[in-house]
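Here is what each chain is made of, one letter per residue.
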Amino acid sequence: MNLLSEAEAALCPTNEPNAEVPNGAAGHYLLGLVYRYTDRRKSAVDHFKQALSMDPLLWAAYEELCILGAAEEANAVFSEAAALCIQQQQLNHGLNPQNLQIVSEDRITVLNRTLGSEDMSPRQLKNTQGNSIRDIPGNHHGAVLSGGPASQPFNGGSSNMSVYSTPSPMPAQLSGVAPPPLCRNVQPNINILSGESSPRSTVNATIQGPRRKFVDEGKLRKVSGRLFSDSGPRRSTRLAGEAAANSNLNAPQVGANGAGHSSARYLGGISSSSKLGLAASRSGAVRKGQTSASESFDDGRRSESFDDTRLDNATTNSSSASSSGDDKSLERERTSTQMGGVLTNGSRISSGVLELLDLLRILGEGYRLSCMYRCQDALDVYAKLSHRQYNTGWVLSQVGKAYFELVDYLEADQAFSLARRASPCSLEGMDIYSTVLFHLKEEMKLSYLAQELISTDRLAPQSWCAMGNCYSLQKDHETALKNFQRAVQLNSRFAYAHTLCGHEHVVLEDFENGIKSYQSALRIDARHYNSWYGLGMVYLRQEKFEFAEHHFRRAFQINPRSSVIMCYLGTALHALKKNGEALEMMEKAIVADKKNPLPMYQKANILVSIENFDEALKVLEELKEYAPHESSVYALMGKIYKRRNMYEKSMFHFGLALDLKPSAADVAAIKSAIEKLHVPDETEDL
């Protein structure tokens, strides 16, 4: 809403510098944004750093520090100290021994409640167990009674859950969700407790828990009737429950080793899981995902084959005298299982945190180097990523931006094309991509990109920047300016849109409004070197060389690796008669980008002005190899030969310059030079 003063008052109601900011790292991050938008850079940097120290995984804070040019190296931010901080937060929030004790007591209460419900009907028993599961605090996985690794104790206890665990949907939300597709001949994965199962099987076991518990029994029978060709007539839910109870009482007694386990047909984990969970609780079984059920209907009679846990349930029901002893041993087993699960989960958290920080170190260092315009170094860092991480939309967009700053537009085009393919709905970097296509004069691709972005999100400034570049390439600068102004209207803090407006004003020779647009961009982002460069160009055209030098120097301080900025800074210095500094800057520009012909041409101009004709001709002969179709090169060589009274060579090079079809202004200058070919330069100056 752009109510920054109100936002600051809400975050700092006491207006004291050392007052506690609400909501921890997120509060400091928001306050940093307020200070950044109100041009209080130092305070913004302090709060972003404070947010990172409280939550090392708050990537947005590090991103803002990189944009402000105040970010530390990623190796220092996402270091081992950050890993220890994250693990300590996890221990404080999720693995508190008091929380474990509360969870243990809650589980025993639920057990006692369900153990005393043996006389209930199957439907009542199911409802009671469902309510018991809902009563357990923090039970977001719906598998507390199974005691497996999927329901680790740190998820329960108090409402102060782990800040890094993603909650699963609540039972009320899952009640209307359709069950997963049924599949045959799928064997459940055992050995989950021993750690031999794959991560995928562990995840499946975790996901199947809540789904089994909230599938309606009547729906299951309908699905079963369609699935099996030998299904008999469908029974009501009450009759089916009574048949299940009778078959449970008549089931043969089988030892707990699972010798009578039958898995003829496995329905993708869908079964009457509330009963299975109760059986597992009574028998102390913790092999979650091992249970299976087969249902068949023969002449209207329903029979079920149960696994060892279900049969142990029947044994426990028939032996009430041994139940109290089993409860005590169950409590001991559960306590040891909880502690073992805590240790296993702690090691998983440690390894996961280290892997995540390794990734953030690479991404963070690459982004920091990009913001410092050390683009080649950034590309080298991004190359360290794995194939899957490198080929993501965000990384490819950053790679495209790096190539754009290196003036390698073909590579930038390829990187942005891959980014569009990887994330077709992402607008990250698409404004830069449109400028790349503008420089490549790819009118058709730019038009297609602009229409695609408008159809994706017509309220995004990137979309209208692409549309404006499309019209600017078609020389319709007034329409282009309207599109850039639309981008500014949609997001007044989008600095690049202000800069593009300034470029169009300059093309239309409206220098006053161009200066205003550039200054607006700098108020948003003082490190937006494009606007400093634009202001320098305006003052250079107005022959205000001191102002031009100042603004080019500011742009050069931000981006010291741009050969274009070095070249125009040298031009401003040459106009101020600082030829030594100008030549030095031109040398730097040539080394920075040998493919850029402009600094070599300007160097030759400076050498001509100080009458070093031989060196100037050497530079121009070399430049002909890089830009063989540049008419201005041959025109300058013609002037040099004229100054040396070599009129035939001068006329030859003037003719070559005219053959290369220069602009109208250059044609007039070349023809004027030909007409005055035999006039001495001193007389010509008079």
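The protein chain appears in an unreviewed UniProt entry as Cell division cycle protein 27 homolog B isoform X2 from Nelumbo nucifera. What UniProt states about the protein chain under its Subcellular location (unreviewed entry) heading is, verbatim, "Nucleus". Recorded under Sequence similarities (unreviewed entry), the UniProt text for the protein chain is reproduced unchanged: "Belongs to the APC3/CDC27 family."

J.: An account of the overall build of the protein chain is requested, with residue identities and associated values reported.
T.: On a plain count of helices and strands, the protein chain comes out with 35 helices and two strands. Expressed as a percentage of the 686 residues in the protein chain, the buried residues total 47%. Long-range pairs, those at least 24 residues apart, make up 59% of the contacts in the protein chain with a sequence separation of at least 6.

J.: Would you mind going over the packing of aromatic side chains in detail, with residue names and values included?
T.: What the rule picks out here adds up to 14 aromatic pairs. Ring centres of Tyr 367 and Trp 394 lie 5.9 Å apart, and the angle between their planes is 35°; on these two criteria the pair is classed as tilted. Of the two residues, Tyr 367 sits in helix α15 (residues 323-371) while Trp 394 sits in helix α18 (residues 393-405), which places them 27 residues apart along the sequence. For Tyr 367, a relative accessible area of 10% translates into the label buried. Overall, the relative accessible area of 24% leaves Trp 394 in the partly exposed class. With 5.4 Å between their ring centres and 65° between their planes, Tyr 539 and Phe 547 make a pair best called edge-to-face. Given the relative accessible area of 10%, Tyr 539 is considered buried. Overall, the relative accessible area of 46% leaves Phe 547 in the partly exposed class. Through pairs of rings, three or more aromatic residues link up here, namely Trp 59, Tyr 62, Phe 78, Tyr 367 and Trp 394.

J.: Now, about the pattern of salt bridges: what can you tell me, with residues and values included?
T.: Under the defined criterion, the tally for this structure stands at 18 salt bridges. For Glu 8, the salt bridge identified is with Arg 40, shortest N-O distance 2.9 Å. Placement of the pair is Glu 8 in helix α1 (residues 4-11) and Arg 40 in the loop between α2 (24-37) and α3 (41-54), with a sequence separation of 32 residues. Here Arg 40 falls in the partly exposed class, since its relative accessible area comes to 32%. Of the charged contacts, one joins Asp 413 and Lys 445 as a salt bridge, the two residues approaching to 2.8 Å between their closest N and O atoms. Placement of Asp 413 in helix α19 (residues 409-422) and of Lys 445 in helix α21 (residues 443-456) is noted, with a sequence separation of 32 residues between them. The class for Lys 445 is partly exposed, based on a relative accessible area of 34%.

J.: Talk me through the nonpolar core; I want residue IDs and the actual numbers.
T.: Judged by nonpolar contacts, the single largest core of 48 residues is most densely connected at Phe 552, Leu 620 and Ile 640. For this core, the secondary structure elements donating two or more residues are α25 (511-524), α26 (529-541), α27 (545-558), α28 (563-575), α29 (579-592), α30 (598-609), α31 (613-626) and α32 (631-643). Counting 46 residues, the second-largest nonpolar core is a separate cluster that includes Leu 58, Ala 82, Tyr 367 and Ala 402.

J.: How would you sum up helix α33 (residues 647-659)? Please name residues and give values.
T.: In a regular helix each residue adds 1.5 Å, so 13 residues correspond to 18 Å; α33 covers 18 Å between its end C-alpha atoms and thus fits that length. Among the residues of α33, Ser 650, His 653, Phe 654 and Ala 657 are the ones counted as buried. The buried residues of α33 all sit within an arc of 105° when viewed along its axis, so they share a single face. Exposed side of α33, more than 90 degrees from the buried face: Glu 648, Phe 652 and Asp 659 are the residues found there. The inward-facing, buried residues of α33 contact α32 and α34 (664-675). Phi turns positive one or two residues past the end of α33, at Lys 661, with a value near 55°.

J.: Account for the UniProt feature "repeat: TPR" (unreviewed entry) in the protein chain, with residues named and values stated.
T.: The residues that UniProt annotates with the feature "repeat: TPR" (unreviewed entry) are residues 25-58, 461-494, 529-562 and 631-664. Helix makes up 79% of residues 25-58 and strand 0%, whereas the separation of the span's terminal C-alpha atoms amounts to 8 Å. Along residues 631-664, the helical share is 79% and the strand share 0%, with 12 Å between the first and last C-alpha atoms.

J.: I'd love a proper account of the packing of α18 against α19, names of residues and values included.
T.: At their nearest, the axes of α18 and α19 sit 8 Å apart, and the two run at 165° to each other. In terms of orientation, α18 lies roughly antiparallel with respect to α19. Helix-helix and strand crossings are classified by hand; for α18 and α19 the assignment is left-handed. For the pair α18 and α19, the contacting residues are Gly 393, Leu 396, Ser 397, Val 399, Gly 400, Lys 401, Tyr 403 and Phe 404 in the first and Tyr 409, Glu 411, Ala 412, Ala 415, Phe 416, Leu 418, Ala 419 and Ala 422 in the second. A per-class count over the contact of α18 with α19 returns eleven nonpolar, three polar and two charged.

J.: Quick rundown of the side chain of His 551? Include the residues and the values.
T.: Residue position: His 551 is located in helix α27. Taking relative accessible area as the criterion, His 551 reaches 11% and is therefore assigned buried. Side-chain polar atoms of His 551 contact the backbone oxygen of Phe 547, separated by 2.8 Å. Not counting chain neighbours up to four residues away, the residues in contact with His 551 comprise Trp 532, Leu 535, Gly 536 and Tyr 539.

J.: I'd like to hear about the packing of α2 against helix α4 (residues 59-68), residue by residue, with values.
T.: Helix-helix packing is described using two parameters, namely the angle between the two axes and the distance between the axes. Relative to each other, α2 and α4 sit at 25°, their axes nearing to 10 Å. Classified by the angle between their axes, α2 and α4 sit roughly parallel to one another. Both α2 and α4 take part in a crossing whose hand is left-handed. Residues Tyr 29, Leu 33 and Arg 36 of α2 form the contact with α4, whose participating residues are Ala 60, Ala 61, Glu 64, Ile 67 and Leu 68. Classifying every residue of the contact of α2 with α4 by side-chain character gives six nonpolar, no polar and two charged.

Conventions and cut-offs
Residues numbered from 1 in each chain as written. Predicted model: local features only at pLDDT ≥ 70, side-chain atom pairs only at ≥ 80, totals over all residues. Heavy atoms only, no water. UniProt positions renumbered as here; feature names shortened; annotations may be inferred. Helix = DSSP H or I, 4+ residues; strand = E, 2+ residues; numbered from the N terminus. Buried < 20%, exposed > 50% of the residue type's maximum accessible area, 1.4 Å probe, protein only. Contact = heavy atoms within 4.5 Å. Phe/Tyr/Trp six-rings, centres within 6.5 Å; stacked < 30°, edge-to-face > 60°. Salt bridge = Lys/Arg side-chain N within 4 Å of Asp/Glu carboxyl O. Core = buried A, V, L, I, M, F, W, Y, C linked by side-chain atoms within 4.5 Å. Expected span 1.5 Å × (residues − 1). Arc of directions from axis to C-beta. Axes fitted to C-alpha atoms, helices over the stretch in contact; angles between N-to-C directions. Parallel < 35°, antiparallel > 145°, perpendicular 65-115°, else oblique. Left-handed = near helix turned anticlockwise from the far one by under 90°. Nonpolar A, V, L, I, M, F, W, Y, C, P; charged D, E, K, R; others polar. Polar contact = N/O pair within 3.5 Å; in protein donor to acceptor, adjacent residues only side chain to side chain.

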